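Per-entry structural report
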2 protein chains.
Amino acid sequence: MNTIEPSTTNKHPLIALAAEWILPMTQTPTCDHHDLEAPQWLDNHAIIIQDCKILDILSRDQILARYPDCEITELKGMALMPGLINAHCHAAMSLLRGYSDDLPLHQWLETAIWPVEAQFVDDEFVYQGTQLAIAEMLRGGTTCFQDMYFMPDQIARAAQQSGIRANIGLMVVDSETVWARDASECISKGLSVYDQYKHNSNLTFSFAPHAPYTVSPQTLEKLSTLSFELSLNIHMHLHETAAEVFDYQKKHDIRPLEQLHKLGLLNPQLNAVHMTQLNEQEISWLEETGTHVIHCPQSNMKLASGCCPTGQLLDAGVNLAIGTDGAASNNDLDMLAELQSAALLAKIDCLDPEKLSAYQALYAATMGGAKALGLEDDIGSLEHGKQADIIAIDLNQIETQPVYNPVSQIVYAASRNQVTHVWVAGKQLLNNRQLTSLNESNILNNARSWKDKILENKIVQKQNSEL
Amino acid sequence: MNTIEPSTTNKHPLIALAAEWILPMTQTPTCDHHDLEAPQWLDNHAIIIQDCKILDILSRDQILARYPDCEITELKGMALMPGLINAHCHAAMSLLRGYSDDLPLHQWLETAIWPVEAQFVDDEFVYQGTQLAIAEMLRGGTTCFQDMYFMPDQIARAAQQSGIRANIGLMVVDSETVWARDASECISKGLSVYDQYKHNSNLTFSFAPHAPYTVSPQTLEKLSTLSFELSLNIHMHLHETAAEVFDYQKKHDIRPLEQLHKLGLLNPQLNAVHMTQLNEQEISWLEETGTHVIHCPQSNMKLASGCCPTGQLLDAGVNLAIGTDGAASNNDLDMLAELQSAALLAKIDCLDPEKLSAYQALYAATMGGAKALGLEDDIGSLEHGKQADIIAIDLNQIETQPVYNPVSQIVYAASRNQVTHVWVAGKQLLNNRQLTSLNESNILNNARSWKDKILENKIVQKQNSEL
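Every value quoted in this text rests on a predicted model; they were computed, and no experiment measured them.

1. A look at the state of the cysteines
Here a disulfide denotes one covalent bond, and it connects the sulfur atoms of two cysteines. In this structure the tally under the stated criterion is zero disulfides over all chains. Cysteine 144 of chain A supplies the cysteine sulfur nearest to cysteine 52 of chain A, a cysteine that is in no disulfide, at a spacing of 15 Å. Free of any disulfide, cysteine 307 of chain B has its nearest neighbouring cysteine sulfur in cysteine 350 of chain B, separated by 8.6 Å.

2. Quick notes on the sheet that holds strand E16 (residues 434–435) of chain A
All names here are of chain A. Read across the open sheet, the eight strands follow the order E3-E2-E1-E4-E13-E14-E15-E16; overall the sheet is mixed. At either end of the open sheet lies a strand with only one pairing partner, and these are strand E3 (53–59) and E16. Where strand E1 (residues 14–22) lies against strand E4 (residues 71–82), seven bridges are found, and the strand directions are parallel. Residue pairing across strands places alanine 18 opposite glutamate 74, the latter belonging to E4.

3. As for the pattern of salt bridges
A full pass over the atoms with the stated rule returns 34 salt bridges over all chains. Its salt-bridge partner being lysine 347 of chain B, residue aspartate 102 of chain A comes within 2.9 Å of it at the nearest N-O pair. Pair noted here: aspartate 102 of chain A is in the loop between strand E5 (84–89) and helix H2 (105–120) and lysine 347 of chain B is in helix H12 (residues 335–350), and the two residues belong to different chains. Among the residues examined, lysine 347 of chain B registers a relative accessible area of 0% and is labelled buried. Across the pair glutamate 282 of chain B and arginine 255 of chain B runs a salt bridge whose closest N-O atoms are separated by 2.7 Å. Within this pair, whereas glutamate 282 of chain B is found in helix H9 (residues 280–289), its partner arginine 255 of chain B is found in the loop between helix H7 (242–252) and helix H8 (256–262), the two being separated by 27 residues in sequence. For glutamate 282 of chain B, a relative accessible area of 2% corresponds to the buried category.

4. Regarding helix H13 (residues 358–372) of chain A
Residue and element names in this part refer to chain A. With 15 residues, H13 should reach 21 Å at 1.5 Å per residue; the first-to-last C-alpha distance of 20 Å fits that figure. Along H13, 14 of the 15 residues are buried, which leaves the element largely enclosed by surrounding structure. Count one or two residues on from H13 and you reach glycine 374, which has phi positive near 75°.

5. Details of the interface of chain B and chain A
With 71 residues of chain B in contact, the opposing surface of chain A contributes 71 residues. Buried area between chain B and chain A, both sides added, is near 5,900 Å², and the carbon and sulfur share of it is 60%. For chain B, the biggest contributors to the area lost against chain A are Asp102, Ile398 and Tyr404 of chain B; these three give 15% of the whole. The tally of links from chain B across to chain A stands at four salt bridges.

6. Focus: the sheet that holds strand E9 (residues 233–238) of chain A
Residues and elements named next belong to chain A. With parallel pairing, the eight strands of this open sheet are ordered in space as E5-E6-E7-E8-E9-E10-E11-E12. Where the open sheet ends on each side, the last strands, each with one partner, are E5 and strand E12 (320–322). Neighbour-to-neighbour, the strand axes of this sheet turn through a mean angle of 25°, independent of strand direction. Bridge count between strand E7 (residues 165–172) and strand E8 (residues 203–209): seven bridges; the pairing is parallel. Its bridge partner lying in E8, alanine 166 is registered against leucine 203.

7. A few points about the pairing of strand E1 (residues 14–22) of chain B
All names here are of chain B. Burial runs high along E1: seven of the nine residues are buried. Relative to strand E2 (residues 42–50), E1 is paired through eight bridges, and the arrangement is antiparallel. Bridge pairing in E2 places alanine 19 opposite histidine 45.

8. Description of the relation of the copies chain B and chain A
If you rotate chain B by 180° and push it 0.0 Å along the axis, it lands on chain A with an RMSD of 0.0 Å. Expressed as an axis order, the relation between the two copies is that of a two-fold axis. The rotation axis passes nearest to the C-alpha of asparagine 417 of chain B in chain B, at a distance of 3.4 Å. When the interface residues of chain B are mapped onto chain A, 100% of them again lie at the interface, so the same face is used by both copies.

9. Describing the domain arrangement of chain A
All names here are of chain A. If you check the domain split of chain A, you get domain 1 (14–82 + 382–435) and domain 2 (84–372). The distance between the C-alpha centroids of domain 1 and domain 2 comes to 28 Å. In total, about 2,800 Å² of surface goes out of reach between domain 1 and domain 2, with carbon and sulfur atoms giving 68% of it. Counting across the domain 1 and domain 2 interface gives three salt bridges. The interface formed by domain 1 and domain 2 holds six residue pairs in polar contact (both at pLDDT 80 or more) in total. At five residues, helix H14 (residues 406–413) tops the list of elements feeding residues into the side of domain 1 that touches domain 2. Residues belonging to the side of domain 1 that touches domain 2 are distributed by class as follows: 19 nonpolar, nine polar and four charged.

10. Topic: the nonpolar core
Core analysis: the largest hydrophobic core is formed by 267 residues, its most contacted members being Leu23 and Phe125 of chain A together with Leu23 and Phe125 of chain B. Apart from residues no more than four positions distant in its own chain, leucine 23 of chain A is found in contact with Gln40, Trp41, Ala79, Leu80, Met81, Pro82, Leu362, Leu382, Pro406, Val407 and Ile410 of chain A.

11. Digging into the environment of aspartate 394 of chain B
All names here are of chain B. Positionally, aspartate 394 belongs in strand E13 (residues 390–394). Take aspartate 394: its relative accessible area is 13%, and that puts it in the buried class. Those residues in contact with aspartate 394 that lie beyond four places of it in its chain are Gly77, Met78, Thr400, Gln418 and Thr420. A polar atom in the side chain of aspartate 394 sits 2.9 Å from the backbone nitrogen of asparagine 396.

12. Some words on the confidence of the model for chain A
Residue and element names in this part refer to chain A. Summing up the model confidence of chain A, the mean pLDDT is 94 and the portion of residues at 70 or higher is 95%. Note on residues 31–37: pLDDT is under 50 here. Beyond four places in sequence and across chains, it has 16 contacts. Across the predicted assembly, pTM comes out at 0.95 and ipTM at 0.95.

13. Re the environment of proline 297 of chain B
For proline 297 of chain B, the position within the fold is in helix H10 (residues 297–302). Setting aside chain neighbours within four positions, we find proline 297 of chain B in contact with Ile322, Gly323, Glu338, Ser341, Ala342 and Leu345 of chain B.

14. Things to note about empty space enclosed by the protein
Scanning the entire structure with this criterion turns up two cavities of 30 Å³ or more. Considered as a void within the structure, the largest cavity measures approximately 300 Å³ in volume. Lining the largest cavity are 27 residues, and of these Ala337 and Gln340 of chain A together with Asp334, Ala337 and Gln340 of chain B lie nearest its centre. The set of elements that each furnish at least two residues to the lining of the largest cavity consists of helix H10 (297–302) and helix H12 (335–350) of chain A together with H10, H12 and helix H14 (406–413) of chain B. Split into classes, the residues belonging to the lining of the largest cavity amount to 13 nonpolar, eight polar and six charged. Each pocket or cavity is described by its volume, and for the second largest cavity that value is around 40 Å³. Forming the walls of the second largest cavity are Cys307, Cys308, Pro309, Thr310, Gly311, Gln312, Leu345, Ala346, Asp349 and Cys350 of chain B.

15. Quick look at the packing of H13 of chain A against H14 of chain A
Residues and elements named next belong to chain A. In contact at an axis separation of 9 Å, H13 and H14 are set at 70° when each is read in the N-to-C sense. Relative to H14, H13 is oriented roughly perpendicular. Between H13 and H14, the residues in contact are Ala358, Tyr359, Ala361 and Leu362 and Val407, Ser408, Ile410, Val411 and Tyr412, respectively. A class-by-class count of the residues in the contact of H13 with H14 yields eight nonpolar, one polar and no charged.

About the thresholds
Residues numbered from 1 in each chain as written. Chains lettered and ligands numbered in written order. Predicted model: local features only at pLDDT ≥ 70, side-chain atom pairs only at ≥ 80, totals over all residues. Heavy atoms only, no water. Disulfide = S-S within 2.5 Å. Pairing = 2+ DSSP bridges. Helix = DSSP H or I, 4+ residues; strand = E, 2+ residues; numbered from the N terminus. Salt bridge = Lys/Arg side-chain N within 4 Å of Asp/Glu carboxyl O. Buried < 20%, exposed > 50% of the residue type's maximum accessible area, 1.4 Å probe, protein only. Expected span 1.5 Å × (residues − 1). Contact = heavy atoms within 4.5 Å. Buried area = accessible area lost by both parts, 1.4 Å probe. Axes fitted to C-alpha atoms, helices over the stretch in contact; angles between N-to-C directions. Least-squares fit on C-alpha atoms with pLDDT ≥ 70 in both. Domains from an automatic or database assignment. Polar contact = N/O pair within 3.5 Å; in protein donor to acceptor, adjacent residues only side chain to side chain. Nonpolar A, V, L, I, M, F, W, Y, C, P; charged D, E, K, R; others polar. Core = buried A, V, L, I, M, F, W, Y, C linked by side-chain atoms within 4.5 Å. pLDDT = per-residue confidence, 0-100. 1 Å grid on protein atoms, 1.4 Å probe; cavity = no way out; pocket = protein on both sides within 12 Å on 5 of 7 lines; lining within 4 Å. Points joined across faces, edges and corners; volume = space filled by probe spheres on them. Parallel < 35°, antiparallel > 145°, perpendicular 65-115°, else oblique.

The following block contains the structure:
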């Protein structure tokens with residue numbers, strides 16, 4: 001590992017996290033994942049944190065010789081790894097978790113989700129829903145999420161207060177919504193949210209045009225220019241279902257991805273979400289242009305949208321990140337379950353069990369996400385100089401013993417409740433399963449109040465329709 | 001619900017479990033799963049247990065009027081449902097969890113699993129491995145499992161001591177194994193295990209011929225006769241991969257399932273496991289003969305074996321149960337995750353989000369399993385006179401709030417650690433996440449010892465091969 005001499009001024013105390021296994025995620029995925037001795041992890045090492053950053057990673061028995069004053073936290077039976085990066089979420093929709101299930105995407109949106117959103121989504125809904133989502137994500141080891149929803153000011157407010165790292169999507173759609181009258185207003189209101197929060201070190205921003213069927217090529221062209229000028233990413237649903245691609249092509253005589261390519265939008269600033277419909281030509285474009293693909297396996301499975309060809313994308317050299325999508329269609333924000341689903345789905349989709357190995361899935365959920373967000377110099381792996389976004393997973397439990405290979409146990413056997421400690425930028429946000437920056441009982445009470453309000457309205461509507 | 005007058009002799013105390021939601025699972029799955037008001041659950045009801053059985057289910061406020069002497073356990077924010085039934089497992093293989101991953105089935109078996117089994121599997125391995133598995137299953141809400149492995153006497157011993165309900169498969173293969181020299185010895189040794197344990201009220205037995213490629217038609221014919229004479233089920237891997245069916249057909253000029261049909265083995269006593277390769281004719285046979293299908297979605301995905309056509313099977317009226325398979329290929333025994341995977345996989349496989357609804361998945365994991373094991377009069381649902389095999393799931397957590405629909409929350413959002421209490425035949429085996437009948441730290445120590453032994457051997461072998 002990289003090492004440097006400890007700071008001599010020693011303004012901030014040094015903290016050593018000593019664990020049975022450390023997964024730095026610094027290696028790019030290779031094919032030798034069957035070798036138990038491949039150094040995908042370090043045994044009995046420690047991470048030295050100073051302030052918000054990782055200072056060093058060294059063997060457990062060298063800590064005191066090198067850092068005599070450091071405070072050691074012993075994490076016996078635990079694995080330390082980079083925080084998980086949820087690269088696609090609609091956090092506030094956690095308030096609609098389980099409101100409607102087992103319907104096709106467009107029917108689900110048109111009959112269940114959009115009507116309830118039109119009636120209930122306001123500042124408090126987004127703020128409190130985002131808090132519920134952040135609480136869930138921190139408890140499950142997610143230290144950074146990329147969001148797309150209305151009222152981005154409320155998303156930023158909730159994220160800032162919690163201490164989590166976030167990329168806030170500035171939602172853009174052409175038609176009127178609870179957030180803005182049209183695309184122009186989406187952009188102007190979005191940019192003022194960006195101006196308000198851009199100096200917060202844990203927050204970054206992107207433009208989030210909803211999808212090709214809700215955002216015109218003209219709007220996309222404008223966003224392309226702005227994203228280049230302001231160095232903001234673009235985060236967009238794309239090729240989610242076969243019907244979407246078919247309808248678009250029928251109307252515009254071109255597939256959505258080719259349209260974006262013509263507009264110059266395929267580039268390393270684009271985070272293309274879902275991508276279940278891809279031909280070979282399109283996969284080549286993604287690779288050539290450095291476009292990132294955000295895979296949401298559980299949402300794609302539940303809505304029967306289709307399979308993102310993750311095996312082919314990785315073979316082609318496309319960067320892959322993983323997202324949960326919103327809890328209304330998933331129905332949780334559990335990145336450990338999501339990356340496991342990604343691995344399993346890739347294998348069954350290709351009928352090839354070597355596709356998306358355990359290590360590749362974990363890499364996609366950490367470094368893959370960091371690259372997609374343009375944050376690969378700051379987060380995604382554990383190495384000197386990077387932000388201390390770290391999680392501890394307790395493998396010393398019945399469900400994950402014995403441990404031949406901690407990577408396998410984390411990907412295929414561990415569950416979210418085994419995440420015991422979470423640090424973001426060196427600040428501990430989960431301590432032995434307890435949230436340190438959020439009031440859990442307030443969040444639960446708010447969730448129940450929203451449910452009561454929404455269900456009551458549903459019953460009144462039903463009674464009215466029966467009169 | 002059915003109710004009867006409480007016993008007047010009152011030999012055993014009455015226990016009332018009062019919960020926010022009760023899912024009796026007495027309704028067969030219907031298509032109206034989109035209606036939030038369909039009575040798939042009861043709000044604020046209680047289950048009255050007397051001795052090992054369910055005496056009554058009634059509204060929370062009627063308990064004291066009807067059962068003034070009963071002891072009430074309040075389960076606020078919790079859902080009560082029948083214990084999950086894991087219809088296919090190789091429990092002892094939990095000791096090989098994560099030993100080898102991301103390989104095709106036959107390569108995985110031939111290069112990793114079979115060699116280590118040949119060297120290490122003995123009575124203690126099976127006994128201690130089964131204990132590890134039972135501890136995991138109870139902690140995850142599984143109250144009954146159907147197993148298939150060597151040394152069934154040790155499986156029965158571990159199950160009996162733990163108090164879990166189990167169907168022990170009496171493994172049969174033609175060639176020599178660590179358990180027996182040939183099929184005849186498998187049968188004779190198996191029958192003596194059956195004689196030894198058959199009077200234990202929580203244990204049942206079945207014959208477990210491994211697969212068509214390891215058990216000859218002659219052996220199957222013998223088992224067919226015996227299973228009829230002794231009223232024992234047959235539990236068998238079948239049509240797990242396309243290669244298996246292709247190779248069998250090449251050799252025998254008939255597909256395995258048709259061979260079994262000719263031998264009279266397709267009947268309500270057969271539990272056919274995996275079944276990823278099925279044509280329409282075969283699905284009709286399954287329905288006509290009352291054969292049960294055991295679906296192991298995560299194992300089939302991880303090994304890239306193929307998709308069991310669960311949607312078509314349910315449409316045809318075939319009974320479906322769910323199993324985890326062994327933890328060497330899964331890599332856990334988490335039935336909540338498994339039934340969620342079953343729902344998600346059915347939808348993506350058929351590209352139809354209405355396939356295998358949340359309720360249908362939960363039904364398969366409870367009543368479906370009970371029917372497959374021939375125990376539908378005793379377990380699988382919560383109703384008067386059935387065994388008190390009950391689990392409590394705490395939905396009052398960040399990850400499962402708000403609750404519009406407890407069925408949706410349990411299937412799509414809850415995780416195993418939210419199972420707080422487990423009763424089998426009225427006996428509490430998990431109390432607020434603590435195992436009452438098993439010594440957790442002994443089990444963990446045993447698991448680590450086996451791992452050390454197995455890894456040490458691997459290193460020695462590697463050194464020898466390098467000399």
